[in-house]
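Summary of structural features
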Amino acid sequence: MWIVYALFAALSAATAITLTKAGLKKVDPVLTLAIQSILILVISWSAVFFQQKFNGMFEIEKRGWMFLVGAGIATCFASLFSYTALKSGDASVVSSIERVSLVITIVLAVLFLKEQLNWRVIAGAVLMVGGAILIGFSREAS
């Protein structure tokens, strides 16, 4: 079932990038992120209460909180940088360069989470970087 959720996440992310780019035309990127963050807050907490998951907050250990806070801060910066890039760059180029994060994730997962590499993961990472480079430079040539 995880693969279905991952595909829905990809579809949602692609839609979000496209809609954000369209909405950024006459709006500051920081304001755009703030507006979307309010919606994220309302929708995510609504899901917590609807699914009756609120008590799970009290079961999170201190170390877990540290990781979650760090991830939240990193997500905010990633969004700020992304929206600023989207303001002046093409959505397809910004998004493809941004997706190099997948390769960085692979490296971090191997180093810190002790995930295993195999030739398929390495080949996929090389293809992702190659694709990002091709798309990134495609706009300059046209």
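What follows is about the side chain of Thr 32. By the element assignment, Thr 32 lies in helix 2 (residues 29-50). A relative accessible area of 8% places Thr 32 in the buried class. Residues in contact with Thr 32, not counting those within four places in the same chain, are Thr 20, Leu 24, Val 27 and Tyr 83.

Now for the packing of aromatic side chains. In the structure shown here, the tally under the stated rule is five aromatic pairs. Between the aromatic rings of Phe 77 and Phe 81, the centroid separation amounts to 6.1 Å while the plane-to-plane angle is 25°, which identifies the pairing as stacked. Here Phe 77 pairs with Phe 81, and both are found in helix 3 (residues 62-88), just four residues apart, close to one helical turn. By relative accessible area, which is 46% here, Phe 77 ends up partly exposed. Classification of Phe 81 by relative accessible area gives exposed; the value is 60%. Connected via pairs of aromatic rings, a cluster forms that spans Trp 45, Phe 49, Phe 54 and Phe 58.

Moving on, we get to the side chain of Ser 96. For Ser 96, the location among the structural elements is in helix 4 (residues 91-98). Not counting chain neighbours up to four residues away, the residues in contact with Ser 96 comprise Ala 132, Ile 135 and Gly 136.

Moving on, we get to the pattern of salt bridges. According to the stated counting rule, one finds one salt bridge in the structure shown. Between Arg 99 and Glu 98 there is a salt bridge whose closest N-O contact spans 2.9 Å. For Arg 99, a relative accessible area of 30% gives the class partly exposed.

With that out of the way, let us pick up the packing of helix 1 (residues 2-23) against helix 3. Close contact between helix 1 and helix 3 brings their axes to 9 Å; oriented N to C, the two are set at 55°. When the interaxial angle is binned, helix 1 and helix 3 end up oblique. In this structure, helix 1 crosses over helix 3, and the sense of that crossing is right-handed. Residues Ile 17, Thr 20 and Lys 21 of helix 1 form the contact with helix 3, whose own contacting residues are Tyr 83, Leu 86, Lys 87 and Ser 88. The residue makeup of the contact of helix 1 with helix 3, split by class, is three nonpolar, two polar and two charged.

With that settled, the discussion passes to helix 5 (residues 101-112). For helix 5, which comprises twelve residues, the first-to-last C-alpha distance of 16 Å matches the rise-based estimate of 16 Å (1.5 Å per residue) to within 8%. Residue Lys 114 follows helix 5 closely and has a positive phi angle near 60°.

This part takes up the confidence of the model for the protein. On average, residues of the protein score 91 in pLDDT, and 97% of them are at 70 or above. The spread of mean pLDDT over the elements of the protein runs between helix 6 (residues 119-141), the lowest at 85, and helix 2, the highest at 95.

Direction vectors running N to C along helix 2 and helix 3 enclose 130°, while the axes themselves pass 9 Å from each other. Comparing their axes, helix 3 and helix 2 come out oblique. Of the two elements, helix 2 crosses helix 3, and the hand of that crossing is right-handed. Between helix 2 and helix 3, the contacting residues are Pro 29, Val 30, Thr 32, Leu 33 and Gln 36 on the first element and Cys 76, Ser 79, Leu 80, Tyr 83, Thr 84 and Lys 87 on the second.

What counts and how
- Residues numbered from 1 in each chain as written.
- Predicted model: local features only at pLDDT ≥ 70, side-chain atom pairs only at ≥ 80, totals over all residues.
- Heavy atoms only, no water.
- Helix = DSSP H or I, 4+ residues; strand = E, 2+ residues; numbered from the N terminus.
- Buried < 20%, exposed > 50% of the residue type's maximum accessible area, 1.4 Å probe, protein only.
- Contact = heavy atoms within 4.5 Å.
- Phe/Tyr/Trp six-rings, centres within 6.5 Å; stacked < 30°, edge-to-face > 60°.
- Salt bridge = Lys/Arg side-chain N within 4 Å of Asp/Glu carboxyl O.
- Axes fitted to C-alpha atoms, helices over the stretch in contact; angles between N-to-C directions.
- Parallel < 35°, antiparallel > 145°, perpendicular 65-115°, else oblique.
- Left-handed = near helix turned anticlockwise from the far one by under 90°.
- Nonpolar A, V, L, I, M, F, W, Y, C, P; charged D, E, K, R; others polar.
- Expected span 1.5 Å × (residues − 1).
- pLDDT = per-residue confidence, 0-100.

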